[in-house]
Structure formats: C-alpha cells, structure tokens
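Read off the chains here:
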Amino acid sequence: MLRRIMAAVLLVSLPALIPVTAPAAQQALPVEEILAAGPLTVDLPAFHDAELAGVTFKDVLQGMDPVPGNRWPRQGASLAASGDQTLNWRNTRSAAGRYELPGDGPRAFYLAFTIASDRWQKATLQVVTSLPVAGAFDFQSLELKPAAADTLTAALTLPRGRHQVCLRVLVDPDTANDADLTLAVVPGDPSADGSLGLDVRPDRAVDIHTILDAPRISDLELSPDGKLIAVILGEYRNGKDKEQWLEIRGTADGHLVRYWRNQGTPGNLQWLPDGQVLSWQTATEDKATIWYYRLDSGETGTVLEDIEHLGAWRWAPDGKSVLYEITRKPEPDPRRVKRVAHPADRQPWYRNRSDLHQVFVPGGLTRRLTAGPVSPESWRISDDGRKLLFFTSEPDYTRRPYSTSTLWLMDLGDLSVHKVLDDPWLGGAEFSPDGKTLCLRGSPSAFDGLGRNLPDGVQANDYGGQLYLYDLASGTPEAITRDFRPDVGGFSWCRADGMIYARCTDTQYSRVYRLDPGRAGWEQVDTGVEYTDQIALPRHGRTAVARGTDANRPNRLFAVDLKRNKARQILDPGADRYRDIRFGKVEQWTAALPSGEDLDGFIYYPPDFDPGRKYPVIVYYYGGTSPVTRDFGGRYPKNIWAGQGYVVYVPEPSGATGYGQEFAARHVNDWGRRTAGEVIGAAHKLAETFSWVDADHMGCIGASYGGFLTEYIITQTDMFACAVSHAGISDITSYWGGGLWGYAYGARALANSFPWSDRDLFVGQSPVYQADKITTPLLLVQGDADTNVPPGESDQLFTALKLLGKDVEYVRVKDQDHHILDHDQRIIWNDTILAYFARYLKQRPGWWDALYPAPKDWR
C-alpha cells in the first residue's frame, strides 16, 4: 500500500527541550537558521507495512534526492515535487536550534543550512531526534551515527569556505503530530573560536569541485552558412563520472535544435559542405565509428563502423568521400629487448606509423593514399578536391631542431606526389581559397630567418609562431607577421570573406586577429572573452562562433558578426553551477624593476578583499616560452587560491612569447640568469607598493620550467616563506638527456649549448648543484609516470635537501604524467598545494597533517 503525502505545512521553531550532547572541551553551536522545504509530495510505503514488505525507512530516505535538483538551496527557490504541488525553500529561525515538523500523518522534509569556515578544520554535526534522518554534506552522502539516545552525529571536514548540509527527515504516523529535531555543530578545535559561521547563504568562493565538475564546452563546429553550431559539452555529473554529449544550436539566439546524450562520447565534429549533414566520431576501446545525422530527415547512420586504430579524418570538399588515417603499430620483439635507434626512439609510441585512406560514399569503396616508413601530418585538401597537402618528418641530428619537415603535394587523381619544400622550422599549412597560395606557420627561423625581427647575433625563440604566404607557382615566401607583436598559434583562411584569421597569444590574452592578404595591417576580432580557446568560421555568410573564458568567468559561447566585428553571448553552460560563486577582482599590474624595465603582470584578489588588512601572497609564474594567460581555471587555478584568502600575483618574466620577438628571445640560454631576478624584484616591488602585502608570508610556485625557476629562485633569495615546485627541473643536463623531449626542448631553449661546451649553464644554473644555498621550505610534487620531466629531477633535489637537513616535502602522484588529469587525484593534488601554503603562509598545519599524518608503523 502506498500513501501519498500532500499537505503543505510550514516549519516552526521551538524552545530546546532536548539538550545537545557536546564534548565538554568545546561548546556546541546551535543551528539558528535553516531553509526548509516540505512536506514534500512523495510516494512512501505505508509505514506500518514497510518492514514487512522488505522496505525500510532507510530505503525510503535513500530514494529521495540527497539535495533537490542538485543545487544549493536558496530562499524562495522552488522545487519540483510529485503531483501538481510546487514547494519553495523557506527561511526558519530558532535561537536554540530546535525545529518542529508539524502536520498530520506521515510526512517528509528537507532541511538545509551552510557552514562557513575561515580555515581548514574538523567539526561534528549533531542531530537530536527520534525520527529517521539521512543527510548530504557538499552533495556527498553524510554518515550519521548513533551517539546517544535520540542523538545522531556525523564527522565533518571543513576546508576554508562555505559548505552545505542538507538533511532529509521522515515523520511516521506513530510519532506525535508535533515531531521535532535539534541541530548543532561542534567545532573540533578549541583554539579556533569564532572560525565557524552557521547561516543559509549560498554565496561562496569557487572550489576545485566546481571548476572540475561544472558543464563546459570542449569542441565546436560551425555549419557552412554560419546558422548552426554543433557543440560538445561535458561535466562530472555526480562528481566522479565524466559524461559528454552533443548539441546543435542556432547561432541567432543559441536555441537548442537537437540533442544527443548517453550515446557514446562524441568527438571530431564536421559538417558536410551542404550544411544539412553533421558527422562525428565515437570510440570504444581501440575501435571508432563515424556517424552522420541529416537535418532534413532526422536520419542517423554510420560512414565507417568499428574501425581499429582510426586517426584523424576529414570530409572531401564535395562531400562524396572521407579521407582518414589508420595507425600501424609494430610487433613487439618477443625477446623483450629494444635496440634504441636514436633519442626519439625512446618514446614507446615512436615507431607507430599512420597511412592515409579514402572511402567513397555511398558505396564504401576505399583506396589507400600513402604508405611507407613516415607518416603524413597536418594534411589539408584543396577546395576543388584535387590536391592533398601534407608534411612528413624524420630525425636529423646534424642540426637544430633535430628533425626534418618536408611539405608534399599529392594529386588525388593519379596519386602522384611532388615535394613543395624542406624547412625544419615549418609545421602547418593551409590552401588559399583559389588553391594558388599556401599560408604556412613556422618559427622566426623559417625560410632562413625570413620571419626574424631581431638584431644580428641574437638567437630567436623558435617556439614563437610566425605566418608566411607561399606562392606555389613561383616558390616565393612572404613573411606576414614579422612586425606583429602577438605570437601566432592556430590559423584559418576564411572562405566567407577571404581573410586569414589567427588565434594569438597577446601578452596575458588569447585573441583573434585577421588579415586581408591584399591589404596591410592586422585587425583584432571581438570574440567576447579575454582568452579565446577556439573560433569556427563560416564558408559563406557573416557569422562565426567563438568559445573562451575570462579570468573570472568560465567558458561561454559567442556568435561573432564578422561584418560588424561584434560578439554576443549565445550559451553559458555553467551559469547554473556558478550562480552563487563570488570572485574577487583581477587587475593588471606593472612592476618597476631595479633595472629600469617594467614587468607586466596581474593580480587576483580574494572575493572579500579589504585593503586595510594584511594578506599572505602567492607568487605564480611560468618563465618558460609562453606567458601565464587570463584563462579561467586551468591546471593552476588562481581563482581557487584567491578564494582561500590569498592574494595571487602573476609576474610575466622575460622569455615569454606574445610580447614581441626581442622579449621572447631572452628565454634562449637564460635558465634563471635574468628571469629569477625579475621575479624576485617584482615580488619585492609588490610588497613595497601595497600595504596589504604580508611580506613575511609570501610563497612562490611554478611548474615544469616554472618548477625549475622556483628551485633556482630559492637558491638566490630567502624572501619566500615557502615554495612549491611541480615537476621542476633540478639538473639541466639530466633533463636534457633523460627527458623524452629534453633534447628537443633544448634545441630551442638551449640553442647551440651542450653539457660539454657550456658548464656554466648546465651546471651553474642547475638548482641541485646549489642545494646547500636553499633555506626556504620546499614542496616537490610530481606524477610518478611523468614522461616529460623525469621524476628523477625531483628525486635528486629531495635527496640532496634531506641529506643537508633542509625543510623539504615530496609528494608523488601515482600513475600520472606531466599533468595531473585523473579527476580524484587532481583534487588531492590541489588540496596538497593549498594545505602546504596554509601550513607556512597561515601557520595552520592541520590540513597538511590530516592529508599526510606521521607514520605509526614505520619510520
């Protein structure tokens, strides 16, 4: 028998009749304000028959959503309930924390409140009641255990910030009509008086869970006429399992046209030339399928199904065939040995090769286009479908960058091939609309330095991106970005207006610029954001679509009117999850260095920043070949650090691209000689300029090359209270020779320098050889499967500092590479860094000690 609860009854508060049980050492804090919703309209088994039917009250509670709608409760917000009833969250107060659940018969309620903590600490939730209760804490199940008669308790771990408690309560018919419960929170630290606040406010600083789990856009593809946009989105719906889905939306207003979910993980979106068919790829293990969807009929089908080792693929311009790669993997040596042919052959995947194939539709007739010991890369098809452009590359250890780059042109009619050019500093190409000219991307050294804008004798930073036009008939190149300050990344030659569009690193920003090849001068394109991740261009029409972020706003989608050069937002997928998140301001700040130069940078402030207070400061930098940009989140989320009560300062030391070639060239063979002083000088200038800087509690952090810079900086100064190095290079020589890409990175960053020819650089600038100068507490963090910077780089500095009796910690993240990508390990890694900063910059070691307690069974 089912009994339906339908009554709408308001909660009331009562004087405390049941004493709260609390440890004598710490006083319980009554929950004086809650948000309540109920009684909910839910179907419950008859209470008297529930046990006989095998259904317990616990089962009933488990069947209810832990937090209605998976959203933070808000005063007045409505909840969907069974039947025609709509319920609202209502504010209720009780000075003693005791609440009555009035009404007749069986009924159910949600009760919610928030706990604000100004530090990491533990606490205990107390629920005094005889009623069945279940709960959730920060959207995860809360374990309530009996502690005394009619008393349930749950242990709470509270990092700094605001946390949500949501309880579900059942009232059975045998309970007096005026059922009640009493709520309290007991702080775990007697010395943390006043550090907890209990209320119902949903506003809060951003945390790692929101950044990782909220919906975000990962890819997009624009229909040829610019009227529809296909978008791949993803989220961690329950905080653990990643889910991705596909949508088609109109670019006029963002309206939803079609939606696919729970049908595999989509990728590689492509529209057919007529704009009526969308195709995409799904994969299961090592097999992939290419799907299509017809807008006019709604038909869905497959082009290629269950293809093993499928690589990149692309529709031919006439829509009658698909060109695709198949990867070949060599048979392993049964003797379980490997003769390493050259440095690149150390990579486990190096010997894999791919071939190009073409399948014609309909019919499925296929042909092979390439074969042999090298793979086609970065391939493009001419608009008339007659020519195929592709690169090949092979090792060449006789000159930098230690690999060749050859551009080929294939006639798709007779499959004949001729070489266009050889240049190791080129790596990307695209046909002009008429097929007579190529747009090529390379470094300043391409075409014998045609793209250089530097004095004689200055080595260019060949990580910098330049664009060139190349006339196929005459073989003549033209540099078109030599005098252009931003650094060019991806580019497209737009068929709709004939302009070249380039996504560029421009100081702290990622911007889109365009050039009419028949005119001089690049023009910035309005994409609506500070950091543009991607722009999709039409083949005809005037609407493009861009996605990107701001320093304090997650990813959004914008339609761009190319004629008016104006962007407007059409989708904000994370709006609901970020609705109550508060951010502090982010502002540009220039440091006047002792050298007389001005160093660019920017500052993240806490959401509740008060210039009259003192704040600990985290200084974050990269210092390698690219600047730190104003993208949201990322692997080192400055927003989270600021939300923990730190001011985060980001200086942009010399050597970064996006500031012009001269600035970028400073990276080559520097390795801290100039950049370490710039970071130290800028940090001192920050402390001198702003009274809110707590100069005794400044920390520094960097990763990869930035990790190297951290380790080197603390051999030069003791100004920082602590330092964090993720995957840092401690010995330039061992990284150069031991990292899978060390020598290739060195081809640019250590240009023409070698351990046998420049000991001052390879030894003198390596932190491990100056470990005795380090007095700053240091945290080393690294994935133990790092293929970029070998974990030995952290091992050897850790060993040196331990033998020297220095203050050093070392945390390895199991099975993770250079970047920590696993969802749950990413959270632990994030917490490790924050706990370390709290230990030294706030003198609060509790979080660190809880994460890494002293061993009891070994030493």
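Note: the structure precedes this text.
Asker: Is there a simple way to think about the side chain of glutamine 121 in this case?
Answerer: Tracing the sequence through the fold places glutamine 121 in strand β11 (residues 121–128). There is a polar contact of 2.9 Å between the side chain of glutamine 121 and the side chain of serine 117.

Asker: Even after reading the chapter, I still don't get the environment of glutamate 587, so can you show me in this structure?
Answerer: Along the chain, glutamate 587 falls in strand β47 (residues 586–588). Taking the C-alpha atoms as reference points, glutamate 587 and phenylalanine 602, 15 residues apart in sequence, are found 5.5 Å from one another. Once you skip the residues sitting within four places of it in the chain, glutamate 587 turns out to touch Phe602, Ile603 and Tyr605. For glutamate 587, the side chain forms a polar contact with the side chain of tyrosine 605, separated by 2.6 Å.

Asker: Before we go on, may I ask you to explain empty space enclosed by the protein in this structure?
Answerer: Where empty space is left in the structure can be found by rolling a water-sized probe over the atoms. The tally for this structure, following the rule as stated, stands at 5 cavities of 30 Å³ or more. Quantified by volume, the largest cavity comes out at close to 120 Å³. Around the largest cavity, the lining is made up of 18 residues, and of these Gly464, Gln466, Asp487, Gly660 and Gln661 lie nearest the centre. Looking at the lining of the largest cavity, its residues break down into 6 nonpolar, 9 polar and 3 charged. In this model, the second largest cavity occupies a volume close to 50 Å³.

Asker: Would you take a moment to explain the packing of aromatic side chains for this structure?
Answerer: How two aromatic rings sit relative to each other is given by the distance of their centres and the angle of their planes. Applying the stated rule across the entire model yields 42 aromatic pairs. One aromatic cluster in this structure is built from Tyr463, Tyr622, Trp671, Tyr705, Phe708, Tyr712, Tyr735 and Tyr745. Above the face of the phenylalanine 602 ring, arginine 630 is positioned so that its terminal group lies 5.5 Å from the ring centre.

Asker: Just to check I follow, could you spell out the pattern of salt bridges for this structure?
Answerer: When the charged atoms of two side chains lie near each other, side chains of opposite charge can form a pair. If you walk through the whole model with that rule in mind, you get 43 salt bridges. Among the ionic pairs, glutamate 33 bridges to arginine 93, the shortest N-O distance being 3.2 Å. Residue glutamate 33 is found in strand β4 (residues 33–37), and its partner arginine 93 is found in strand β8 (residues 90–93); the two are separated by 60 residues along the sequence. Of the charged contacts, one joins aspartate 795 and arginine 812 as a salt bridge, the two residues approaching to 2.9 Å between their closest N and O atoms. Pair noted here: aspartate 795 is in helix α12 (residues 792–803) and arginine 812 is in strand β56 (residues 808–813), with a separation of 17 residues, a long-range link. Overall, the relative accessible area of 26% leaves aspartate 795 in the partly exposed class. Residue classification places arginine 812 among the partly exposed positions, given a relative accessible area of 40%. Each member of the salt-bridge network shares a partner with another, and the members are Glu597, Glu662, Arg666, Arg674 and Glu678.

Cut-offs and rules
Residues numbered from 1 in each chain as written. Predicted model: local features only at pLDDT ≥ 70, side-chain atom pairs only at ≥ 80, totals over all residues. Heavy atoms only, no water. Helix = DSSP H or I, 4+ residues; strand = E, 2+ residues; numbered from the N terminus. Polar contact = N/O pair within 3.5 Å; in protein donor to acceptor, adjacent residues only side chain to side chain. Contact = heavy atoms within 4.5 Å. 1 Å grid on protein atoms, 1.4 Å probe; cavity = no way out; pocket = protein on both sides within 12 Å on 5 of 7 lines; lining within 4 Å. Points joined across faces, edges and corners; volume = space filled by probe spheres on them. Nonpolar A, V, L, I, M, F, W, Y, C, P; charged D, E, K, R; others polar. Phe/Tyr/Trp six-rings, centres within 6.5 Å; stacked < 30°, edge-to-face > 60°. Lys NZ or Arg CZ within 6 Å of the ring centre and 35° of its normal. Salt bridge = Lys/Arg side-chain N within 4 Å of Asp/Glu carboxyl O. Buried < 20%, exposed > 50% of the residue type's maximum accessible area, 1.4 Å probe, protein only.

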